[in-house]
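# A look at the structure
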Amino acid sequence: MAEYDPQAIEAKWQKSWEAQGAFHADVDPARPEYYVLEMLPYPSGTLHMGHMRNYTIGDAVARYKRMRGLNVLHPIGWDAFGLPAENAAIQHGTHPRVWTNNNIAEMKRVCRRFGFSYDWRREISTCEPEYYRWNQWFFLRMLERDLAYRKRSRLNWCPQCQTVLANEQVVDGCCWRHEDTPVEAKEIEQWFLRITRYADALLEDIAQLEGGWPERVLVMQRNWIGKSGGARVRFPVAGSGDGAAVEVFTTRIDTIYGVTALIFAPEHPLVAKLVAGVKGQAAIETQLTRLRQKILRPAELGTAEKEGIFIGRFAVNPFSGEQVPIWVGNFVLMEYGTGAVMSVPAHDQRDFEFAQKYHLEKPIVVQPAAGAPLSAATLHEAYTEFGRVVDSGPYSGLPSEQAIERMTADAQAKGFGEARTIYRLKDWGISRQRYWGTPIPVLYCERCGLVPVPDEQLPVLLPLEVKLTGMGQSPLASVPEFVNATCAKCGGMARRETDTMDTFVDSSWYFYRYTDPHNSRAPFDREPVRYWFPIDQYIGGIEHAILHLIYSRFFCKVMRDLGLVDHSEPVLRLFSQGMVLKGGAAMSKSRGNVVGAIEMADRYGCDTARLYSLFAAPPEKDLEWSEQGIEGCSRFLHRFFRIVNRHAERLRGVTVGNPGPADLASATPKEKRLMRKAHQTLRRVTRDFESRWHFNTSVALVMELVNELQAQEPLEPDASPAVVKEVFELLTLMLAPMAPHLAEELWEMLGHPSGLQTAAWPAYQPQLAEEEHVEVVIQINGRLRGKILVEAGLSEEELVERARADPRIAQLTAGRRVVKTIVVLNKLVNIVVG
RNA sequence: GCGAGGAUGGCGGAAUGGGCAGACGCAUCGGCCUUAAAAGCCGAAGGGGUGAAAGCCCCGUGAGGGUUCGACUCCCUCUCCUCGCACCA
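Okay, so let's go over this structure. Everything quoted here is computed from the prediction, not taken from an experiment.

Of the regular secondary structure elements, chain A holds 28 helices and 34 strands. Principal axes of the C-alpha set define a box for chain A whose edges measure 110 × 85 × 50 Å. The 834 residues of chain A split such that 55% are buried. At a minimum sequence separation of 6, the contacts of chain A that also span at least 24 residues come to 73%. Accessible surface for chain A amounts to roughly 36200 Å². Of this, 51% is attributable to carbon and sulfur atoms.

Okay, structure coming up:
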């Protein structure tokens, strides 16, 4: 072959790998395993270089680990259920299944074109009954354990579409399809998974992930779980005979003597009861109605005006006995805490502002531990720090921490409060009024009520004949053959649940299925999971930092408690790769800045596209795609091919021994230079793969070595064929994880008939990397003043002597007093003069 | 406001158990090859000063200070950027 022809080479080796089953991995207890996985892709149809970068990183690691002798599991599959398929179906009249399968076919083609080393026997697609039946199975197990339950709850509703929207479809408080139509809250009965039961476990086990996961992901998860410790306190309503009380949650019970109001969320059920019979009831109710329309949506929190109204009732502060007015405020969240708060203007900034607006008092009950005491008259913002409690009856004088402890204990002893921990994390609403998802396997029987579908009736098949309008009720509700069913208990008439599951359920456990993808008796067997799990390296975008990555942690813990797995965390190490940008923005069809994967493979070859993905930036950083940049990588691979090609013929029969220090002693200067440089490169590239994952520097190092080879041309006659071949082989092996097709080709050209699949990552030999001579920098007062080339390993004294002997240094130091001399062996001499 | 990360040539980025700042690549310029171009190959190049040139000197890693013989690297203060969280009681 005369020139590097990526298209031909890539097709040739892909065929060969396929025929060999080169990337098939099976359980083998005798061998150590390595499970590397890229996040389950959604088959949207197009694959651009943003996707390919992700897979290239995973593939480089998979191939490297294989060369290190590990049994590597590297699977792929498709997150095949979901809304885009349904929308495409409505728009184009294609069935979601057809649309999805076409996309999968196309994406497979691209993945194969890039030669990713997947074990295709393990491919899964979540929209197939063989897969989603296990979603249903898990759901039933959760139902048995009260981890799945039904509840009315507020959802996002678009009045134009006449349908419920997922949170992801709400953009700035409006429907994604009707940007001027604010989403309304609508109460709907739906299914939840009780992830909050695992809130503490999810939080505590983050400690296990420390070091293996990016810190920012852990921070996001901690925030999301939002644990907060405090107390619940009941304020009895004044003049109510029935023992009614306003219950609040507070993290600062130490400020309770400073309470000036209790404020309810507008939709709190107690409000109507309390308003009944008060003076001016009609006027208050009118105001309440108005206020309820101003319940703040998440997008408005923080910016919108806070409003409140006094409802004409008082409650009694159980600590001080004082009467406290009861208000309703549009900023109090029904979903958090108890749906009511105690307002302490002096020690909470929000309460402070509320008190300003409505002219409430701001009694100070905590003073700073040091410094000038605060006075209510001059307070211009809330004092929210801990300090010393004052004007608080028997607690006066205590530090906040102690006051919190004692007041909580006393509240408990006297029966009007107790310590409480609450979480921001809410249960996971999984019902979707959509077609293209897993049917929720329950029946509603007139006689028996809610009846789970028995295991032996799984899967509850998603009917393929269905009319999709994108409007109103769940599409499945309009399929009588689906809806009408027989009660599994009494045999009578029953209605099937017509909602489908959130697709995040599918992706919460898929990586277990890869270990046993064709199991028809269970989601997976214990043995393969025990061998392969936990995942050694998971790779994906930061956008899943909380959703997918918290759901799958939750699933893992449920599976552990079901006795299915014996670990608590599914993923040991998480890597979050940067985006690929074009023109400073993420690639998207609508922006028209997509760099197609196939297009790049056709123009340059996939090895070049891969190499550039690894070279242009460290993998965790965003990468700006540059046409000239990828050309540079193309030039490099061509150059490397040519140089090997020039010598391959002659080298084919040459045997490379296992060169050692002895060989170096008898080597020519050119040979020494090449061997040293090659082993120095190997040392650093190995380090990059083992720890830092800075593939950009690995590529740079390989380029440097090729430049060195080129600089040494002609290689003959001063370098023996064995040495040249050794260097070529090292280069080829180092390049193999990054540009695998070219590496295979060169490996073959160098006379290896068995292919790279059986080749091992070369062992770095420190002796071969050692330099005989080193350049030592000479500084005077820390400033560079000269360089000398000396034998490696000179002592401090010798180095100083050589440095002072340098004519220029001698001249510069002549007549000056040497205060001291600092020596870094093999590197530097710094002469400090007075 | 809280939290995490970041700021290095014209550009992407190298170099941190403190020790030659700018590896590698892109773009640029010059040369070789060619009738010419492309490709390829060789070479130059942070900014400024001085010099015919080799060279030499000064400045330089967001800003200011500190520690040190020596700071992109460590410490303090500040500015800006990116991301996440945020009436969370």
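Once you've had a look at it, read on.
The four strands are arranged E13-E14-E12-E15 in an open sheet whose pairing can be described as mixed. Each edge of the sheet is formed by a strand with only one pairing partner; in this case those strands are strand E13 (308-316) and strand E15 (340-343). Strand-to-strand twist across the sheet, computed as the mean angle between neighbouring axes with direction ignored, equals 30 degrees. The pairing of strand E12 (residues 261-264) with E15 spans four bridges and is antiparallel. In the sheet register, Leu 262 faces E15, and the bridge partner there is Met 342. Packed on one face of the sheet, helix H10 (residues 281-292) meets E13 and strand E14 (323-329) and runs near 115 degrees to E13.

This next bit is on the packing of aromatic side chains. Inspection of the entire model under this criterion finds 49 aromatic pairs. Considering the side-chain rings of Phe 310 and Trp 327, the 6.2 Å spacing of their centres and the 45 degrees angle between planes classify their relative orientation as tilted. With a gap of 17 residues between them, Phe 310 in strand E13 and Trp 327 in strand E14 connect regions that are remote in the sequence. The class of Trp 327 is buried, set by a relative accessible area of 8%. Here the aromatic cluster, defined as three or more aromatic residues joined through ring pairs, consists of Tyr 131, Trp 134, Trp 137, Phe 138, Tyr 198, Trp 428, Phe 504, Trp 509, Tyr 551, Phe 554 and Phe 555. Sitting over the ring of Trp 17, Arg 63 keeps its end group 4.5 Å from the ring centre. Here Arg 133 stacks its cationic end above the ring of Trp 134, 4.6 Å away from the centre of that ring.

The N-to-C vectors of helix H22 (residues 669-692) and helix H23 (residues 695-711) enclose an angle of 170 degrees; their axes lie 9 Å apart at closest approach. Compared by their axis directions, H22 and H23 come out roughly antiparallel. Touching Arg 673, Leu 674, Lys 677, Ala 678, Thr 681, Arg 684, Val 685, Asp 688, Phe 689 and Arg 692 of H22 are Phe 695, Thr 697, Ser 698, Leu 701, Val 702, Glu 704, Leu 705, Glu 708 and Leu 709, all from H23. Each residue belonging to the contact of H22 with H23 can be placed in one class, and the counts come to nine nonpolar, three polar and seven charged.

The next subject is the sheet that holds strand E33 (residues 818-824). One open sheet accounts for four strands, arranged E32-E31-E34-E33; its pairing is mixed. Both outer strands of the open sheet, strand E32 (783-791) and E33, are each paired with one neighbouring strand and no more. Along the sheet, successive strands turn relative to each other by an average axial angle of 20 degrees, direction set aside. Summarising the sheet, strand E31 (residues 773-780) and E32 pair through eight bridges and their orientation is antiparallel. Directly across from His 773, in E32, lies its bridge partner Glu 791.

The full set close to RNA strand B counts 51 residues, and Thr 250, Lys 306, Arg 350, Lys 787 and Asn 830 are the nearest of them. Taking Thr 251, its main chain carries an N or O atom lying 2.6 Å from a sugar or linking oxygen of RNA strand B. Contact distances for RNA strand B include 3.2 Å between a phosphate oxygen and a side-chain N or O atom of Asn 707. With seven residues, H23 is the largest single contributor of residues to the surface near RNA strand B. Here the residues of the surface near RNA strand B sort into 21 nonpolar, 12 polar and 18 charged.

The next point concerns empty space enclosed by the protein. Empty space left among the atoms is revealed by rolling a probe the size of a water molecule over them. Applying the stated criterion across every chain yields a total of two cavities of 30 Å³ or more. Within this model, the second largest cavity holds a volume of roughly 30 Å³. What lines the second largest cavity is simply Asn 135, Phe 138, Phe 139, Met 142, Leu 193, Ile 430, Met 501, Val 505 and Phe 555. Looking at the lining of the second largest cavity element by element, the count peaks at four residues for helix H5 (residues 129-144). Residues that form the lining of the second largest cavity fall into these classes: eight nonpolar, one polar and no charged.

A separate point is the pairing of strand E21 (residues 442-445). The pairing of E21 with strand E22 (residues 449-452) spans four bridges and is antiparallel. In the strand pairing of E22, Tyr 444 is matched with Leu 450. Hairpin geometry of E21 and E22 is characterised by an intervening segment of three residues between the two adjacent antiparallel strands. Sheet topology places E21 next to strand E24 (residues 493-496); three bridges connect them, and they run antiparallel. Its bridge partner lying in E24, Leu 443 is registered against Arg 496.

Moving on to helix H24 (residues 721-735). An ideal rise of 1.5 Å per residue puts 21 Å on 15 residues; H24 measures up with 21 Å between its terminal C-alpha atoms. H24 sits mainly inside the fold: 13 of its 15 residues count as buried.

Pairing is possible between side chains of opposite charge, provided their charged atoms come close. Applying the stated criterion across every chain, the model contains 51 salt bridges. Arg 530 is the salt-bridge partner of Asp 566, the closest N and O atoms lying 3.0 Å from each other. With a gap of 36 residues between them, Asp 566 in the loop between helix H17 (547-561) and strand E27 (574-576) and Arg 530 in helix H16 (residues 526-532) connect regions that are remote in the sequence. Residue classification places Arg 530 among the partly exposed residues on the basis of a relative accessible area of 42%. Notably, a salt bridge pairs Arg 673 with Glu 708, separated by 3.3 Å at the nearest N-O pair. Note that Arg 673 is positioned in helix H22 and Glu 708 in helix H23, a separation of 35 residues in sequence. What emerges from the salt-bridge pattern is a single network uniting Asp 26, Asp 119, Arg 121 and Arg 122.

With that settled, consider the side chain of Gln 367. Along the polypeptide, Gln 367 turns up in strand E16 (residues 366-367). By relative accessible area, which is 15% here, Gln 367 ends up buried. A distance of 2.6 Å separates a polar side-chain atom of Gln 367 from the backbone nitrogen of Leu 374. Leaving out residues up to four positions away in the same chain, Gln 367 has contacts with Pro 373, Leu 374, Tyr 383, Gly 387, Arg 388 and Val 390.

Looking at the element boundaries, Asn 658 is found in the loop between helix H20 (627-651) and helix H21 (661-665). Leaving out residues up to four positions away in the same chain, Asn 658 has contacts with Asp 663 and Gln 765.

As a packed pair, helix H2 (residues 49-67) and helix H19 (residues 606-615) sit with axes 9 Å apart at the nearest point and diverge in direction by 90 degrees. For the element pair H2 / H19, the angle class is roughly perpendicular. Only Ala 609, Arg 610, Ser 613 and Leu 614 of H19 make contact with H2, whose side of the interface consists of Met 49, Arg 53, Thr 56, Ile 57, Asp 59, Ala 60 and Arg 63. In terms of residue class, the contact of H2 with H19 is made up of five nonpolar, two polar and four charged.

Right, let's get into the pairing of E13. Summarising the sheet, E13 and E14 pair through six bridges and their orientation is antiparallel. Looking at E14, one finds that Ile 309 is bridged to Val 328. From the end of E13 to the start of E14, which pair antiparallel, there are six residues, and Gly 321 there has a positive phi angle of about 80 degrees.

What counts and what doesn't
Residues numbered from 1 in each chain as written. Chains lettered and ligands numbered in written order. Predicted model: local features only at pLDDT ≥ 70, side-chain atom pairs only at ≥ 80, totals over all residues. Heavy atoms only, no water. Helix = DSSP H or I, 4+ residues; strand = E, 2+ residues; numbered from the N terminus. Buried < 20%, exposed > 50% of the residue type's maximum accessible area, 1.4 Å probe, protein only. Contact = heavy atoms within 4.5 Å. Areas by Shrake-Rupley, 256 points an atom, 1.4 Å probe, with all protein chains shown as cover. Pairing = 2+ DSSP bridges. Axes fitted to C-alpha atoms, helices over the stretch in contact; angles between N-to-C directions. Phe/Tyr/Trp six-rings, centres within 6.5 Å; stacked < 30°, edge-to-face > 60°. Lys NZ or Arg CZ within 6 Å of the ring centre and 35° of its normal. Parallel < 35°, antiparallel > 145°, perpendicular 65-115°, else oblique. Nonpolar A, V, L, I, M, F, W, Y, C, P; charged D, E, K, R; others polar. Near = heavy atom within 4 Å. Polar contact = N/O pair within 3.5 Å; in protein donor to acceptor, adjacent residues only side chain to side chain. 1 Å grid on protein atoms, 1.4 Å probe; cavity = no way out; pocket = protein on both sides within 12 Å on 5 of 7 lines; lining within 4 Å. Points joined across faces, edges and corners; volume = space filled by probe spheres on them. Expected span 1.5 Å × (residues − 1). Salt bridge = Lys/Arg side-chain N within 4 Å of Asp/Glu carboxyl O.

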